[in-house]
Every structure is written in structure tokens, then in C-alpha cells.
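# Coordinate analysis (summary)
Residue strings, one per chain:
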Amino acid sequence: MSKLMKCRMAQPNDLDIIFKIEQQIFKQPWTKKSIQNELNRSKNKLNIIAEIDGRIIGYFFSHFFGREAHILNLVIDIPFQHKGLGKIFLNKIINKYLKEADVFLEVKRTNFPAINLYLSFGFEEINIRKEYYSDGEDALEMIKKVNSYGLVST
């Protein structure tokens, strides 16, 4: 299998594969209708597919509002996890689409691999959202700012 990952915009006909991956990854997955609504959203969206050798191995859903982006979902299919592909995928997304945006996300407080991935990209922890997820787990709210402003000495 080639390790050359290609990224493309998600299309409505990707629905079934995305839904299948979603069900395998999450205990409480998005509904098929929710995914379909995201894919059919007419504006303020950035939905990207990761493929290797023509096979969908991951997906990314986000909303854009001006210079702010909110990551809704970043997923790598189980057989492709723990191989650095999530890092490659996120790197491609940030460098091509999110360079000029402040990027927000929520992640389960116990999802240490994801938290470490985001920290490695310069995301910072800014808040804890108590019982954010439907299973009652807290979310860690994170942000990656476009510019870091420091004190200027005169």
C-alpha cells in the first residue's frame, strides 16, 4: 500500500463510507442524517476526505466563520490509526486551508492521543466544558491562533 495520502473535498456520495467509519470509531456516532446534512451544507464548511490508493481512510469536518474555523470531526479509520496518518492529514489541512484562521475544537478530556496531536500543532487548552458529550464526559476546548502576540518593549 502506498503511503501517499491524497486530500479532496468531501462529496455527498462519500456518505456511506463516512457513516461506516463513524460507526466503527465512536460509541455514540453521528447519525447518517447529520453526516448527510454536513456534506450538503451550502456554506461555511470545510469537509475534506483523506485517501490512500483511492480508499477513504479518514475525514475532516469543520465550519468557517470569517477567520475562525471550528473543527467538528477529525477521523482516521481504525486500520490506519497509530501510523502517523492523522498527523499528516491535519498538517495538510492546516497548511492548505487553515493558515489564516484561528482554529477551535473540543476533544474528550481522556482522548490523550488526540490531545497530544493537537498540542504538537500549537493548539492550547483554553477551557473545560463539563459533561459536554452525550456520555457525560468533559470536553477540553482548544484553540490554535493565527498570530501570537507578545509584549513589545520600547
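This is a predicted model, so every value here is computed, not measured. (Residues numbered from 1 in each chain as written. Predicted model: local features only at pLDDT ≥ 70, side-chain atom pairs only at ≥ 80, totals over all residues. Heavy atoms only, no water.)

On to helix H3 (residues 85-97), then. Between its first and last C-alpha atoms H3 spans 18 Å; for 13 residues at 1.5 Å apiece the expected length is 18 Å, and the two agree. Among the residues of H3, Leu85, Gly86, Phe89, Leu90, Ile93 and Ile94 are the ones counted as buried. The buried residues of H3 occupy an angular sector of 165° when projected down its axis, which confines them to one face. (Helix = DSSP H or I, 4+ residues; strand = E, 2+ residues; numbered from the N terminus. Expected span 1.5 Å × (residues − 1). Buried < 20%, exposed > 50% of the residue type's maximum accessible area, 1.4 Å probe, protein only. Arc of directions from axis to C-beta.)

A separate point is the pattern of salt bridges. Enumeration over the complete set of coordinates arrives at 11 salt bridges. Between Lys108 and Glu137 there is a salt bridge, with the nearest N and O atoms lying 3.8 Å from each other. Residue Lys108 is located in strand S5 (residues 102-108), and its partner Glu137 is located in the loop between strand S6 (124-129) and strand S7 (139-144); the two are separated by 29 residues in the primary sequence. Judged by relative accessible area, which is 18%, Glu137 ranks as buried. (Salt bridge = Lys/Arg side-chain N within 4 Å of Asp/Glu carboxyl O.)

Each pocket or cavity is described by its volume, and for the largest pocket that value is around 1400 Å³. Every residue lining the largest pocket is counted, 37 residues in all, and those nearest its centre are Ile25, Phe26, Leu74, Asn111 and Ala114. For the lining of the largest pocket, the secondary-structure elements that each account for two or more residues are helix H1 (15-25), strand S4 (68-76), H3, S5 and helix H4 (112-120). It is S4 that contributes the most residues to the lining of the largest pocket, 7 residues altogether. Taken together, the residues of the lining of the largest pocket break down into 18 nonpolar, 11 polar and 8 charged. (1 Å grid on protein atoms, 1.4 Å probe; cavity = no way out; pocket = protein on both sides within 12 Å on 5 of 7 lines; lining within 4 Å. Points joined across faces, edges and corners; volume = space filled by probe spheres on them. Nonpolar A, V, L, I, M, F, W, Y, C, P; charged D, E, K, R; others polar.)

For the rest of this paragraph, the subject is the side chain of His63. By the secondary structure assignment, His63 is in strand S3 (residues 55-65). On the accessibility criterion, His63 (13% relative accessible area) is buried. Reaching out from His63, the side chain makes a polar contact with the side chain of Glu38 at a distance of 3.0 Å. With residues up to four places along the chain from it excluded, the contact list for His63 reads Glu38, Arg41, Asn44, Lys45, Glu68, Ala69, His70 and Leu72. (Polar contact = N/O pair within 3.5 Å; in protein donor to acceptor, adjacent residues only side chain to side chain. Contact = heavy atoms within 4.5 Å.)

What follows is about the side chain of Asp14. For Asp14, the position within the fold is in the loop between strand S1 (5-9) and H1. Every residue in contact with Asp14, bar those within four places of it in the chain, is listed here: Arg8, Met9, Ile49 and Ile56.

Moving on: H1. All of the buried residues in H1 are Leu15, Ile18, Phe19, Ile21 and Glu22. Angularly, the buried residues of H1 cover 165° about the axis, an arc narrow enough to put them on a single face. On its buried face, H1 is in contact with helix H2 (32-40), strand S2 (45-52), S3 and S4.

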